[in-house]
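Structural features, examined
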Amino acid sequence: MPKTPFAAQQSYTQTSSDSIGLPFSGAHYTHTSPQQRAASAITSVDPVLTTTGLTKKFGNTTVVDNVDLTIYPGEVFGLLGPNGAGKTTIIAMLLGLVHPTSGTRAIYGHDVDTHRTEALQHVGAMIEAPSFYPYLSGWDNLKVLSAPRGAISNERIYEVLEIVGLAERAGDRYRTYSLGMKQRLAIALTLIHDPRILILDEPTNGLDPRGIVDIRSLIERLAQQGKTVILCSHLMHEVEQVCHRLAIIRQGQIITQGTVQDIVGQRDLETLFLELTEEEL
């Protein structure tokens, strides 16, 4: 049975023999697209992360403006916007790295300002690729870099390397890894303490098509295991392929959000994205 985070275990009415790999065992849905069915099931449970009126100003410049988000367990939620739209600042506020000018954010019901430890204890994040030691192996890098948050067993290190497809290269030095392998090792580091929520900021930057497909497949597998994934990207095709729901951001504001199908309709996401963000282009 796929692993389901905390209170997300619920039962659903069987309406079709067509089932999909969701973090809810026995869930069956009517004949719509897999992403629509997934979003419908996911939003039937309590959210794991919410923001209300989240705003950040640097001097007289507003970089994030009144952002409301509701993210549910087991979904892949996309933050899509051009470079400089405010995506990374939103993530930094979610992680308590940047204090908002106004608004609130809560993870599992815990306010990030007043109960930061409780809010972030089940969150893993990759905002930028961490600085690995080039002369250490992938295995030893995970051992060393995970130590500040507590000792990790060899079994867990092997498990996360297996998840990201690096088990066979675990003993090789980091400097011999391709860019795609380095990105997968960075994701392995975010997984090492078994977080329920993963925040990935531009995880496919600079990758070739094979590397992009590998990361996309990894994200899909993590969601099927019950992880909630927040994916920040400026790549329309990436978001369209893997996300259940998304929010499009322009100049710090969310200009639309919902399921990919509801937002796109009969058009392709690239056309819609260019229309909605044309003031920034």
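Up top you'll find the structure we're talking about.
The model shown is predicted, which means the values in this text are computed figures rather than measured ones. (Residues numbered from 1 in each chain as written. Predicted model: local features only at pLDDT ≥ 70, side-chain atom pairs only at ≥ 80, totals over all residues. Heavy atoms only, no water.)

1. What to know about the sheet that holds strand 3 (residues 76–80)
One open sheet holds the six strands; their spatial order is 6-7-8-3-9-10, and the pairing between them is mixed. Lying at the two open borders of the sheet, with one neighbouring strand each, are strand 6 (123–126) and strand 10 (253–259). Ignoring strand direction, the axes of neighbouring strands in this sheet form an average angle of 15 degrees. Contacting strand 3, strand 7 (197–201) and strand 8 (228–233), helix 7 (residues 209–224) crosses the sheet at an angle of about 150 degrees to strand 8. (Pairing = 2+ DSSP bridges. Helix = DSSP H or I, 4+ residues; strand = E, 2+ residues; numbered from the N terminus. Axes fitted to C-alpha atoms, helices over the stretch in contact; angles between N-to-C directions. Contact = heavy atoms within 4.5 Å.)

2. Some thoughts on the state of the cysteines
What the rule picks out here adds up to zero disulfides. For the unlinked cysteine C232, the closest cysteine sulfur is that of C243, found at 9.8 Å. A residue is classified by how much of its surface remains accessible, and C232, at 0% relative accessible area, is buried. (Disulfide = S-S within 2.5 Å. Buried < 20%, exposed > 50% of the residue type's maximum accessible area, 1.4 Å probe, protein only.)

3. Looking at the side chain of T51
In this structure, T51 sits in strand 1 (residues 49–58). Separated by 3.0 Å, the side chain of T51 and the backbone oxygen of V67 make a polar contact. Within polar-contact distance, the side chain of T51 engages the backbone nitrogen of L69 at 2.9 Å. Excluding anything up to four places from it in sequence, T51 contacts V67, D68, L69, L94, T104 and R105. (Polar contact = N/O pair within 3.5 Å; in protein donor to acceptor, adjacent residues only side chain to side chain.)

4. Quick word on unusual backbone geometry
Negative phi values dominate among residues other than glycine, just as trans dominates among peptide bonds. For E202, which is not glycine, the phi dihedral falls at a positive 50 degrees. By the element assignment, E202 lies in the loop between strand 7 and helix 7. You can call E202 buried: its relative accessible area is 10%. Backbone geometry places Q251, a non-glycine residue, at a positive phi of 50 degrees. Counting through the fold element by element, Q251 comes out in the loop between strand 9 (245–250) and strand 10. Judged by relative accessible area, Q251 falls into the partly exposed class, the value being 45%.

5. Some thoughts on the sheet that holds strand 5 (residues 110–111)
Read across the sheet, four strands follow the order 2-1-4-5 without closing on themselves; strand pairing throughout is antiparallel. The outermost strands of the open sheet, each flanked by one partner alone, are strand 2 (61–71) and strand 5. Across two bridges, strand 4 (residues 102–107) lies against strand 5 in antiparallel orientation. Counted as the bridge partner of I107 is H110 from strand 5.

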